[in-house]
Amino acid sequence: MSARSALIVGASRNLGLGLATEYAQSGWDVIGTVRGSRRTALHDLAEASRGRFVVESLDTTKPEQVTALRERLTRFRQSRKITPGHFRMRSELIKGRGDQR
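All figures in this text were calculated on a predicted structure; none of them were measured in a lab. (Residues numbered from 1 in each chain as written. Predicted model: local features only at pLDDT ≥ 70, side-chain atom pairs only at ≥ 80, totals over all residues. Heavy atoms only, no water.)

## Examining the overall build of the chain
Defined as follows: We count a stretch as a helix when DSSP gives it H or I for four or more residues in a row; a strand needs E for two or more, and each element gets its number in order from the N terminus. Each residue's exposure class comes from its accessible area (1.4 Å probe, protein chains only) as a fraction of the maximum for that residue type: buried when under 20%, exposed when over 50%, partly exposed otherwise. Here, residues are in contact when the closest pair of their heavy atoms is within 4.5 Å. All accessible areas in this document rest on Shrake-Rupley with a 1.4 Å probe, and a residue is counted as covered only by the protein chains that are shown.
Within the chain one finds three helices and three strands. Burial statistics for the chain: of 101 residues in total, 26% are counted as buried. Residue pairs at least 24 apart in sequence account for 43% of intrachain contacts in the chain once pairs closer than 6 positions are excluded. A total accessible area of about 7400 Å² is found for the chain, and carbon and sulfur atoms account for 51% of it.

See below:
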């Protein structure tokens, strides 16, 4: 993976998929999340990325899934010997129409 990585939650469609595509095309390594197990356009993007894109399943309304993803990302970071200071955190909340219930 490259020095620049992005975690995009809700990357299976609309804005999330657009962001994932842009980051991947700009040379970033991307971890994109999808809710559920069905195949999405994000999976196609991951297959075309030659290992620079990882798809993770995540339902943010289930705390155990958020915890499990955090643990997987921690192990991933440790396996690549990336120091915590390597990451710069940027958090944005965009509530789109698809998120309204």
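## Considering the packing of aromatic side chains
Formally: Stacked, tilted and edge-to-face pairs are distinguished by plane angle, under 30 degrees for stacked and over 60 for edge-to-face with tilted covering the rest, among Phe, Tyr and Trp rings (Trp via its six-membered ring) whose centres lie within 6.5 Å.
Overall, the coordinates contain one aromatic pair when judged by the stated rule. Here Tyr23 and Trp28 contribute two aromatic rings whose centre-to-centre distance is 4.8 Å and whose plane-to-plane angle is 75°, an arrangement assigned as edge-to-face. Take Tyr23: its relative accessible area is 30%, and that puts it in the partly exposed class. For Trp28, a relative accessible area of 22% corresponds to the partly exposed category.

## Notes on the nonpolar core
Note on soluble globular proteins: their nonpolar side chains tend to be buried together. Our working rule: Nonpolar cores are built from buried Ala, Val, Leu, Ile, Met, Phe, Trp, Tyr and Cys residues. Side-chain atoms within 4.5 Å join them into one set.
With 11 residues, the main nonpolar core is built from Ala6, Ile8, Ala11, Leu17, Ala20, Val30, Val34, Leu42, Leu45, Ala46 and Phe53. Elements that contribute at least two residues to this core include exactly strand E1 (5-8), helix H1 (14-25), strand E2 (29-34) and helix H2 (41-48). Here this core takes three residues from H2, the largest share from any one element.

## What about the packing of H1 against H2?
Going by this rule: Throughout, an axis means a line fitted to C-alpha atoms (over the contacting stretch in the case of helices), and angles, computed between N-to-C directions, take values from 0 to 180 degrees. Should an angle fall under 35 degrees it is taken as roughly parallel, and over 145 as roughly antiparallel, whereas 65 to 115 is taken as roughly perpendicular and any remaining angle as oblique. Residues are sorted three ways: Asp, Glu, Lys and Arg are charged, Ala, Val, Leu, Ile, Met, Phe, Trp, Tyr, Cys and Pro are nonpolar, and all the rest, Gly among them, are polar.
Running from N to C, H1 and H2 cross one another at 5°; their axes reach a closest spacing of 11 Å. Regarding the angle of H1 to H2, the classification is roughly parallel. Taking contact as the criterion, the partners of Leu17, Ala20 and Thr21 in H1 are, on H2, Ala41, Leu42 and Leu45. Class assignment for the residues of the contact of H1 with H2 results in five nonpolar, one polar and no charged.

## Here's the deal with the sheet that holds strand E3 (residues 53-57)
Which entries qualify depends on this criterion: A pair of strands is considered paired only if DSSP assigns at least 2 bridges between the two.
Strand order in the open sheet made by the three strands is E1-E2-E3, with parallel pairing throughout. At either end of the open sheet lies a strand with only one pairing partner, and these are E1 and E3. Each strand axis lies, on average, 15° off the axis of its neighbour in the sheet, ignoring direction. Relative to E3, E2 runs parallel, the two sharing five bridges. Paired with Thr33 across the strands is Glu56, a residue of E3. Along the sheet, H1 contacts E1, E2 and E3; its crossing angle with E1, the most-contacted strand, is approximately 170°. Helix-sheet contacts for H2 involve E2 and E3, and the interaxial angle to E3 is about 150°.

## So, H2
Heads up, the rule is: It is the directions from the helix axis to the C-beta atoms whose arc is reported. In protein, a polar contact requires one atom able to donate a hydrogen and another able to accept it; more generally it is a pair of N or O atoms within 3.5 Å, and residues adjacent in sequence count only if both atoms are side-chain atoms.
Leu42, His43, Leu45 and Ala46 are the residues of H2 that are buried. What you see down the axis of H2 is that its buried residues fit within an arc of 160°, all on one side. In H2, the exposed positions that point more than 90 degrees away from the buried face belong to Glu47 and Ala48. In the core, the buried residues of H2 are packed alongside H1, E2 and E3. If you check the start of H2, you find a side-chain oxygen 3.1 Å away from the backbone N of Leu42, and it comes from Thr40.

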